[in-house]
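Reading the structure
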Amino acid sequence: MLYKKIIRPALFKFDPEKVHDFTIKLLSAGLVPPLIRPFMGFEDKKLEVTAGKLKFKNPIGLAAGMDKNATALGSWNALGFGFAETGTVTPLPQEGNEKPRMFRLPEYGGIINRLGFNNCGADRFEENLERIKDLLPKDFIVGVNIGKNKRTELDDAYQDYEFSFKRCFESADYFTINVSSPNTEGLRQLQQRKFLDEILKSLQALNKELDETYSSSTKDIYLKIAPDLTEGELDDILQVSIDNGLTGIIATNTTISRDTLPQGKYESGGLSGKPLEPIANSVLKHIKKHSGDKLGVIACGGISTYDDVKEKLDLGASLVQIYTGLVYEGPGLIKKIKKALASSASGS
Ligand SMILES: Cc1cc2nc3c(=O)[nH]c(=O)nc-3n(C[C@H](O)[C@H](O)[C@H](O)COP(=O)(O)O)c2cc1C
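A few points on the structure.

Reading the values: the criteria
All residue numbers here refer to positions counted from 1 along the written sequence of the relevant chain. The predicted origin of the model limits local features to residues at a pLDDT of at least 70 and limits the giving and counting of side-chain atom pairs to 80 or more, whereas totals for whole chains, interfaces and linings rest on all residues. Side-chain numbers here rest on the full set of heavy atoms in the structure, without hydrogens or water. Among buried residues, the Ala, Val, Leu, Ile, Met, Phe, Trp, Tyr and Cys ones that are joined through side-chain atoms within 4.5 Å form a nonpolar core. With a 1.4 Å probe rolled over the protein chains alone, any residue whose accessible area is under 20% of its type maximum counts as buried; one over 50% counts as exposed, and the rest are partly exposed. Each helix is a run of DSSP H or I of at least 4 residues and each strand a run of E of at least 2, with the numbering of both proceeding from the N terminus. The pairing criterion for strands is at least two bridges between them, as found by DSSP. Angular values range over 0 to 180 degrees, each being the angle between N-to-C directions of two axes fitted as lines to C-alpha atoms, with helices fitted over their stretch in contact. Residue contacts are counted whenever heavy atoms from the two residues lie within 4.5 Å of one another. For this analysis, a salt bridge means a side-chain nitrogen from Lys or Arg found within 4 Å of a carboxyl oxygen belonging to Asp or Glu. Roughly parallel refers to an angle under 35 degrees, roughly antiparallel to one over 145, roughly perpendicular to one between 65 and 115, and oblique to any angle outside these ranges. The hand of a helix crossing depends on one turn: near helix anticlockwise from the far one by less than a right angle means left-handed, and clockwise means right-handed. One heavy atom suffices: a residue is near a molecule or strand as soon as one of its heavy atoms comes within 4 Å of it. The term polar contact refers here to a pair of N or O atoms within 3.5 Å; inside protein, the definition further demands a hydrogen-donor-capable atom paired with an acceptor-capable atom, and it admits residues adjacent in sequence only when both atoms are side-chain atoms. In these tables, accessible area is a Shrake-Rupley quantity obtained with a 1.4 Å probe, and a residue counts as shielded only by the protein chains included in the view. Note that Gly is not counted as nonpolar here; it falls among the polar residues with everything else outside the nonpolar set of Ala, Val, Leu, Ile, Met, Phe, Trp, Tyr, Cys and Pro and the charged set of Asp, Glu, Lys and Arg. One less than the residue count of a helix, multiplied by 1.5 Å, gives the span that helix is expected to have.

1. Here we look at the nonpolar core
In this structure, Leu-73, Trp-76, Tyr-161, Ile-177 and Leu-223 are the most contacted members of the largest nonpolar core, which totals 94 residues. Looking at this core element by element, the count peaks at seven residues for helix α7 (residues 193–213). Within the second largest apolar cluster, five residues are counted, among which are Phe-103, Ile-112, Leu-261 and Leu-271.

2. Some remarks on the sheet that holds strand β11 (residues 270–273)
The strand order β5-β6-β11 describes an open sheet built from three strands, whose pairing is antiparallel. A strand with exactly one partner marks an edge of an open sheet, and here the two such strands are β5 (102–105) and β11. For this sheet, the mean angle separating the axes of adjacent strands, direction not counted, is 20 degrees. Pairing of β5 with strand β6 (residues 110–113) involves four bridges; the strand directions are antiparallel. By the bridge assignment, Met-102 is partnered in β6 with Asn-113.

3. Regarding the environment of Glu-185
Along the chain, Glu-185 falls in the loop between β8 (174–178) and α7. Linking Glu-185 and Thr-213, residues 28 residues apart in sequence, is a C-alpha distance of 35 Å.

4. Re the sheet that holds strand β13 (residues 319–322)
With parallel pairing, the eight strands of this closed barrel are ordered in space as β3-β4-β7-β8-β9-β10-β12-β13. For this sheet, the mean angle separating the axes of adjacent strands, direction not counted, is 25 degrees. Pairing of strand β3 (residues 60–62) with strand β4 (residues 83–89) involves two bridges; the strand directions are parallel. Its bridge partner being in β4, Leu-62 is matched across the sheet by Ala-84. Of the strands in this sheet, β4, β7 (141–146), β8 and β9 (220–225) are in contact with helix α6 (residues 157–168), which crosses β8 at around 165 degrees.

5. Quick look at the pattern of salt bridges
Going through the model one piece at a time under the given rule, you end up with 14 salt bridges. Across the pair Asp-197 and Lys-201 runs a salt bridge, and its minimum N-O distance is 3.0 Å. Residue Asp-197 and its partner Lys-201 are located together in helix α7, separated by four residues, close to a single helical turn. Judged by its relative accessible area of 24%, Asp-197 is partly exposed. Taking the shortest distance from any N to any O, the salt bridge between Lys-274 and Asp-308 comes out at 2.7 Å. With a gap of 34 residues between them, Lys-274 in the loop between β11 and α9 (277–291) and Asp-308 in helix α10 (residues 306–314) connect regions that are remote in the sequence. It is possible to trace a salt-bridge network through shared partners that takes in Lys-45, Glu-48 and Lys-55.

6. Focus on the packing of α9 against α10
At their nearest, the axes of α9 and α10 sit 10 Å apart, and the two run at 20 degrees to each other. Of the possible angle classes, the one that applies to α9 and α10 is roughly parallel. Classified by chirality, the crossing of α10 by α9 is right-handed. Packed against α9, whose contacting residues are Glu-277, Ala-280, Asn-281 and Leu-284, the element α10 presents Asp-308, Glu-311 and Lys-312 at the interface.

7. Comments concerning the site of the ligand
Ala-64, Thr-88, Lys-224, Gly-302 and Thr-324 are the nearest of the 24 residues found near the ligand. Within the contact set of the ligand, an oxygen atom lies 2.7 Å away from a backbone nitrogen or oxygen of Ala-64. Within the side chain of Asn-178, one N or O atom sits 3.1 Å away from an oxygen atom of the ligand. Within the complex, the protein chains bury 99% of what would otherwise be the 600 Å² of accessible surface of the ligand. Among the elements of the structure, β6 and β11 are those that each provide at least two residues to the shell around the ligand. Within the shell around the ligand, the residues separate by chemical class into nine nonpolar, 13 polar and two charged.

8. What about α7?
Along an α-helix, residues three or four positions apart point the same way, because every turn accommodates 3.6 residues. End to end, α7 covers 30 Å across 21 residues, agreeing with the expected 30 Å (1.5 Å per residue, within 8%). When we look at burial in α7, the residues that qualify are Phe-195, Leu-196, Ile-199, Leu-200, Ser-202, Leu-203, Gln-204, Leu-206, Asn-207, Leu-210 and Asp-211. For α7, the secondary structure elements touched by its buried residues are α6, β8, β9 and α8 (231–243).

9. Regarding unusual backbone geometry
Of the consecutive residues Lys-99 and Pro-100, the connecting peptide bond is found in the cis state with omega at 0 degrees. In this structure, Pro-100 sits in the loop between β4 and β5.

In short, the description is geometric, and any link to function would need to be established separately.
The following block contains the structure:
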C-alpha cells in the first residue's frame, strides 16, 4: 500500500534509468539487507523446489537485467527471493545504447527498454560476485546470465560465452545463455541451429573440463529465449537444447511485438510486464507440450500477482522470475506471493 500510494508516485516522477541506478546503489550498500530482512522475511519448507542439480528455498527469482553487475545480492536475498539471476555480463565492459533507453508504460503495466548490455565486464563482475557470495547464505542461489559484446561477430560469439563462463565458473550456481535480448544487433540470430549448437557444444565441453579442474560439479545451464519465435524455430531450439544436455529454458526475454498494446506509436526496444504475459505463457505452453520433462522451464514475463505465478507453475514451470512486476508492485510482492503459495500448498 505504502509503495503504491506514496513511494511509486514519487519514483515515477523521475527518469526510469536514474531511479533504477539509484535503487541499485541503495540496495548494494551493506547496511541495507539487515534493515529489510525483518519486514520481508517469510520462509516455509513447503516452498522448496529442486530444479536440475539445485535446491531452491522458494521458486521466486529475480530476472536478469536488474542487477547487471552483481552488486546487490544481499538485498535480493533479504527481500525474500529464492534466487537471483545477475547480468547480462559480457567479456568486456560496455556502455550500452544511447540514452534515454528505458521507458515506463504505466497504463499497461509495462516497460520498454533498449539498454544494450551496459555492464562492467566479466572481470569486475566476477570480483563483485566472489566477494558477495561469501556473505550470502548457501541456500540462496545465484545465476549468471552471459552474453556477447556488441562488437563481437556472430561467428566468434561462442568465444565470448566461453570467456564469461570460465571466468564465473567457481562463483555461479547456474548459467544462463542469453541469445534473446532484442537490443544487441544480430544477437537473436544466435538462436539459429548452426550458431546455437556451436555455443552449447563448446560450453558443455568447458563445463566438463572445469568440473575436473575445480573438482566441483558441472553447472546447470539454461537457455533464455525470445518470445517472438515461430513454432518451427522454437522446436529447433528445443531439440538442440535437449541434444546438448541443457537443464532447461528460460521463457522468455522481452518482446519486440506491440500486438498486445493498443494501436499507437511506441519506443523501440524490448517490451516487458503485463503486455508480455500472454505471449510468454503461450511459449511456455508450447515448450511443455513439445519437450515434456526433458527440459525444465524457468518462466518469466508479466508476473505481478500470486495468480500470475500460479498460472505459470500450473503450465509446468518449475521456477519463475520477476522484473517489471517489482517496479509496479514494490518489494512487498515477493513475501505476498510466497505466503499465498504456502497457504495453497497447505490446503492441497
Ligand atoms: C530494464 C530491463 C533490462 C533487462 N535486461 C536484461 C538483461 O540484461 N538480460 C536478460 O536476459 N534479460 C533482461 N531483461 C529481461 C528480463 O530479465 C525479463 O526476461 C523480462 O523483462 C520479462 O519479465 P518481466 O515481465 O517480469 O519484466 C531486462 C528487462 C528490463 C525491463
